[in-house]
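# Architecture and fold: a report
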Amino acid sequence: MQLLTQTLESIQPTDRAAMAAAQREIDYCLKPPGSLGKLESIARQIAGITGQVHNAIKQKAIVVMMADNGIYAEGVAMYPQDITRIGADFVTSGRMGVNFLARSAKADIFAVDIGIQVDVDLPKVIKRKIRHGAANFLREPAMSREEAIRAIEVGIEVANEAIDQGYDLIGTGEIGIGNTTASSAVLYAFTGAPIDRVVGRGAGLTDEALKRKKQVIKQAVRLHQPDPDDPIDVLAKVGGLDIAGLAGVYLACAARRAPVVTDGLISNVAALTAIRLAPEAVEYMIPSHLSFEPGAKLLREITGLEPILDMDMRLGEGTGCALMFPIIEAALRMIEEMGTFAILGKSRDEIGDHIMAYRGKFPR
């Protein structure tokens, strides 16, 4: 609990002065104001995160949390639970979906066993197992409160280790059969939203299995009554170890002032959990894509994180983060490489006055 407390106490708002200075540089680039849209927003946000106008990414990593879920026993998943263990093998040998995208983005993968149901003896797996899978939360709480806290702290530790090694852009991913059910249960517990807005087909459920999944989530939340004002209580009662670990990654990145990219449904439920623990953490998050899962749209409304990409993706693993990394790097190159109004003999102050007048007439 001490690490979590220290991390929460270290999270501060992003640097507004640096963001304003970055916007001034962006506006001085030779282009109509605001014409590069979200690229400008990203460059401004990262200036606020780092406290510097001029930024460049040196090393990128995707933290992939791997865990099993006891709720699998209730028939809420299409694939056998052994897929999680196989996924650990594949992701560390370069054969999962995220791997080819990470290679394209020149990003490394930190694969963490935080709760696979069996012991995994693979040299590239980071062994931080809290327990052998979360419990079946239709029958009992998914984990104890102490285990939930420890899982969050594992995420904090792994992110801190990555940042200490020089990684300055972090992505989030997960592998775990049944984790869309756990993440949907967490989202339902937090919001009480209509179940059809929360629960989707995950890895491709049949109509009958989808109906069962909705029933299981409603019944479990009704049984355990997780407190929506206590994120750790929600995680412990109906969450997953991978969700808790990813929440810790977000918190560590915010505390260490490092940009962190969200992925799909599970990753964004973890982001919501982190935001409920530390509201300022959202300022350090950069969304990647809009998951095909219905809960993704609800999360967008709640968190205000507006996805950059919409590609009907729902794989998870950090795939959206890998696609987003080059876009973030391109955004940072704008300030460094784009020509400016100096070519016309205009100063930053002149351009700034003109743009302020423009925005007064056409506010964004």
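Now for a quick tour of the structure. Worth saying up front: this structure is predicted, and the values here are computed from it rather than measured.

Parameters and conventions
- Residues numbered from 1 in each chain as written.
- Predicted model: local features only at pLDDT ≥ 70, side-chain atom pairs only at ≥ 80, totals over all residues.
- Heavy atoms only, no water.
- 1 Å grid on protein atoms, 1.4 Å probe; cavity = no way out; pocket = protein on both sides within 12 Å on 5 of 7 lines; lining within 4 Å.
- Points joined across faces, edges and corners; volume = space filled by probe spheres on them.
- Helix = DSSP H or I, 4+ residues; strand = E, 2+ residues; numbered from the N terminus.
- Nonpolar A, V, L, I, M, F, W, Y, C, P; charged D, E, K, R; others polar.
- Salt bridge = Lys/Arg side-chain N within 4 Å of Asp/Glu carboxyl O.
- Buried < 20%, exposed > 50% of the residue type's maximum accessible area, 1.4 Å probe, protein only.
- Core = buried A, V, L, I, M, F, W, Y, C linked by side-chain atoms within 4.5 Å.
- Contact = heavy atoms within 4.5 Å.

### Concerning empty space enclosed by the protein
Counted by the stated rule, this structure contains 1 cavity of 30 Å³ or more. Size it by volume and the largest cavity reaches roughly 90 Å³. If you go around the largest cavity, you meet 15 residues; those closest to its centre are Asn268, His289, Ala296, Leu299 and Pro307. Listing elements by their share of the lining of the largest cavity, those giving two or more residues are helix H12 (265-277) and helix H13 (294-303). Of all the elements, H13 adds the most residues to the lining of the largest cavity, at 4 residues. Of the residues in the lining of the largest cavity, the class split is 7 nonpolar, 6 polar and 2 charged.

### Focus on the pattern of salt bridges
In this structure the tally under the stated criterion is 22 salt bridges. Arg150 is the salt-bridge partner of Glu153, the closest N and O atoms lying 3.8 Å from each other. Of this pair, Glu153 and Arg150 both sit in helix H6 (residues 145-164), 3 residues apart, roughly one helical turn. Relative accessible area serves as the criterion here: at 34%, Arg150 is assigned to the partly exposed category.

### Some words on the nonpolar core
Counting 78 residues, the largest nonpolar core has Ile170, Val238 and Met285 as the members making the most contacts within it. Considering each element in turn, this core owes the most residues, 11 residues, to helix H11 (residues 241-256). Excluding its chain neighbours within four sequence positions, the residues that come into contact with Ile170 are Ala61, Val63, Ala162, Val249, Cys253, Pro259, Val260, Val261 and Phe325. The next biggest cluster of nonpolar side chains, apart from the first, holds 29 residues, and it includes Ile62, Ala88, Leu101 and Cys321.

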